[in-house]
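Architecture at a glance
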Amino acid sequence: MDLSTSEQAAITSGGDFWHTSPVESAGIPAVTVTDGPHGVRMQATGGDLLAGVPATCFPPAVASASTWDPELLRRMGEALGDECRAQDVAVLLGPGVNLKRTPLGGRNFEYFSEDPILTGVLATEWVRGLQSRGVGASLKHFAVNSQETERMRISADVDDRTLREMYLRAFQRVVTRAQPWTVMCAYNRINGVYASEHHWLLTEVLRGEWGFEGLVVSDWGAVVDRVRAVAAGLDLTMPGPDADGDAALVAAVESGDLDPDLLRQSAERVREMVLKAGRRPAGGYDAEAHHALAREIAGRAIVLLKNDGGLLPLGSSSTLAVIGEFARSPRYQGGGSSQITPTRLDDALTEITAAAGGEVRFAAGYTVQGDADEGLLAEAVAVAKAADVAIVFVGSVHETEGADRTSIDLPDTQVTLIERVAAANPRTVVVLSNGAVLATRPWDGKVPALVEGWLLGQAGGSAIADVLFGRVNPSGRLAETIPVKLADHPSYLDFPGEHGHVRYGEGLHVGYRGFDARGQEVAYPFGFGLSYTTFGYGAARATATATGVEVRVPVTNTGVRDGREVVQVYVSLPGSRVRRAPRELKAFASVPVAAGDTADVVLTVDRDDLAYWDIRLGRWIVEGGEYLIEVGASSRDVRASVTVHVAGDPDRMPLTTESSVGEWFADPRGAEVLGAAFAEAAGDGPMSAMTANPEMLMMLASLPLARLAAFPGSPLSAGDLEKLVAAANY
Ligand code: BGC
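Here is what the cut-offs are and how they apply
- Residues numbered from 1 in each chain as written.
- Predicted model: local features only at pLDDT ≥ 70, side-chain atom pairs only at ≥ 80, totals over all residues.
- Heavy atoms only, no water.
- UniProt positions renumbered as here; feature names shortened; annotations may be inferred.
- 1 Å grid on protein atoms, 1.4 Å probe; cavity = no way out; pocket = protein on both sides within 12 Å on 5 of 7 lines; lining within 4 Å.
- Points joined across faces, edges and corners; volume = space filled by probe spheres on them.
- Helix = DSSP H or I, 4+ residues; strand = E, 2+ residues; numbered from the N terminus.
- Near = heavy atom within 4 Å.
- Polar contact = N/O pair within 3.5 Å; in protein donor to acceptor, adjacent residues only side chain to side chain.
- Areas by Shrake-Rupley, 256 points an atom, 1.4 Å probe, with all protein chains shown as cover.
- Nonpolar A, V, L, I, M, F, W, Y, C, P; charged D, E, K, R; others polar.
- Core = buried A, V, L, I, M, F, W, Y, C linked by side-chain atoms within 4.5 Å.
- Buried < 20%, exposed > 50% of the residue type's maximum accessible area, 1.4 Å probe, protein only.
- Domains from an automatic or database assignment.
- Pairing = 2+ DSSP bridges.
- Axes fitted to C-alpha atoms, helices over the stretch in contact; angles between N-to-C directions.
- Contact = heavy atoms within 4.5 Å.

Going by what an unreviewed UniProt entry lists, the protein is known as Exo-alpha-(1->6)-L-arabinopyranosidase and is assigned to Actinoplanes campanulatus. According to its UniProt record, the protein has this under Sequence similarities (unreviewed entry): "Belongs to the glycosyl hydrolase 3 family."

The following block contains the structure:
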């Protein structure tokens, strides 16, 4: 049944905070949408918008990404889909695939990585898992929403190539490979235009180029002007109701200011989404099984950064000092819209006590508020001294949506605690809890073992015990570089911007790309993580295929424990015609290898992922040439390399009157045509002599053809130009 214009307007804004608007006369019910992304945050009855009914709090993206395992992300998506069905949720508001441009990003804990391929691969599987349960995803925040400072107004000013290759790439991958039901537009502006009004982004790129079939929903409160938003391609404004906006849409259609087809299409997309959601079966879920899955993912997310002398894993008979308030009061998720009320919460102190064979003594060491307390410090030192091993839990205090961090340093009292405990007991292990990287360099030289425990969700406490005692052999890898200090970071000079603009001055050189391009020392590189075993790599082989490059490498577990290696493929093109980072991640695999065994690992680099965005042609181009394939255990630990020839895409630039003489001669057909014109004009004037002289020709090389023709005595006349262009581009 056709909807009237006012019904179309009404259905394109929400019914309330978490529901779409129903149209009863047309049999369209309201459906529920809710956050996301690492749990189902159904608002509990009562006024508090952020208080949710209990649901499994899975590890936030900062942790799940550190598994580097798409299969785990798929299983997490499936479990979330089951919980959505149990709560009658139609769309879960995630995943967040914005790039971690700066370690200060307030929502870095909700995002996957500083690398677009790692982000895109993992998010694709998460969406597939969720949607396999008949529940929709909302890929967010589209686009270039990599900071919280001024998030509702800031303009992210970014050049086209960087935009395509870095900030849109993960979105493109997820849209083209998993067709999320919805895409959520960001709050911010991109090169001056609000994401909610960005026709190029929402219509030309998202639908036109990528073939997006779902609906575009606004971030909550992102719409400035309903009419401009619908005209740009935004379908559903949230939250609602928005009677004024509905009326403005009706008036714009009636006055002819808004194409009625655009509003009709948006309303139709909302109706389709609601009807699709109506087809999902109801369901329940097993909270214990989901807790176990949350524990498995958390265990796989933990990154072992340092383990001198094999201090870890712990033997079961040692006496242990567990130090730090976070061992007892875990930091397991960040603040804001993604905050979940967990079904239960494991803490590390209880889990370590249960796993340890010997005595465990606890000292808080600091208060969560972070005030210096000499009494707590002294107690911690005494407890550490009396134990075989001291385990110190420290971490960041505030990480929340809506505010960027101002520092990557641990609170001073926590650093003092680490230093004093390490002085009292040389067998000290530090466990970090943090949603984005922390600087480790001031103190990590003083401790033999360091465990990056991120924000691990509700089962983080047991997962940490699993790793400390070796029930899980760590295989997490850094999805973001840990710099020596904040000022080293490529984004440092261009963050957070001023007067409403933030310039993405480092361009393509985000994260490890920037550190590598400047040969800069880092504390722990992108892709890094240790294991309780060791791996050896054999020779790599690479074969070009029609769809990309297939890379094969044998990986041997050379230790005595079963383990998992995350094999990483980095690609570069020496001598490329465009500036590129020294190496870029293009494929990876998390591979279980039993002690003493060898796995023949096969990795596929998709041809699309070799492409760069050519700003002259306005399209992706795979440049032909000898690609260097580096296979390794991190971005700075290359174990095998090989080159492979890849045939390029046709990429001839049409010659124009604005093409330079040099560009004309670099093109075989252009050289022929222009050479003949010069030869014909030989002897005709003062400049003709120049065109006959090779050195002079070099000087002329940068002159656009039209400018050359305008010179007095030029061998070309204005009248020749169009004929030359036609002949060169036939
Ligand atoms: C956040 C979104 C979230 C929405 C609904 C916004 O503030 O940016 O990520 O999905 O609120 O809670």
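Still more ground to cover, so stick around.
Now for the layout of surface pockets. Roughly 360 Å³ of internal volume is contained in the largest pocket. Of all the secondary structure elements, the ones that give two or more residues to the lining of the largest pocket are helix 4 (116-131), helix 6 (169-178), strand 22 (584-593) and strand 23 (598-606).

For the ligand, the set of nearby residues contains 14 residues, the closest of which are Asp-35, Arg-107, His-141, Asp-219 and Glu-401. Within the contact set of the ligand, an oxygen atom lies 3.3 Å away from a side-chain nitrogen or oxygen of Arg-151. Asp-219 has a polar side-chain atom sitting 2.7 Å from an oxygen atom of the ligand. Across the complex, the protein chains shield 94% of the 310 Å² of accessible surface that the ligand would expose by itself. A breakdown of the residues in the shell around the ligand according to their chemical character gives five nonpolar, two polar and seven charged.

Counting 102 residues, the largest nonpolar core has Trp-68, Trp-126, Phe-142, Val-144, Tyr-167 and Trp-220 as its most contacted members. Of the domains in this structure, domain 1 (288-524) and domain 2 (535-646) are the two that each give at least three residues to this core.

Looking now at the sheet that holds strand 9 (residues 303-307). Here we have six strands laid out as an open sheet, ordered 9-14-13-12-10-11, and mixed in their pairing. Two strands in the sheet have a free side with no partner beyond their single neighbour: strand 9 and strand 11 (360-363). Strand after strand, the sheet turns through a mean of 15° between neighbouring axes, direction not considered. Relative to strand 14 (residues 449-452), strand 9 runs antiparallel, the two being bridged by four bridges. Looking across to strand 14, one finds that Val-303 is bridged to Glu-452. Running at roughly 165° to strand 11, helix 13 (residues 348-355) makes contact with strand 10 (320-323), strand 11 and strand 12 (389-395) of the sheet.

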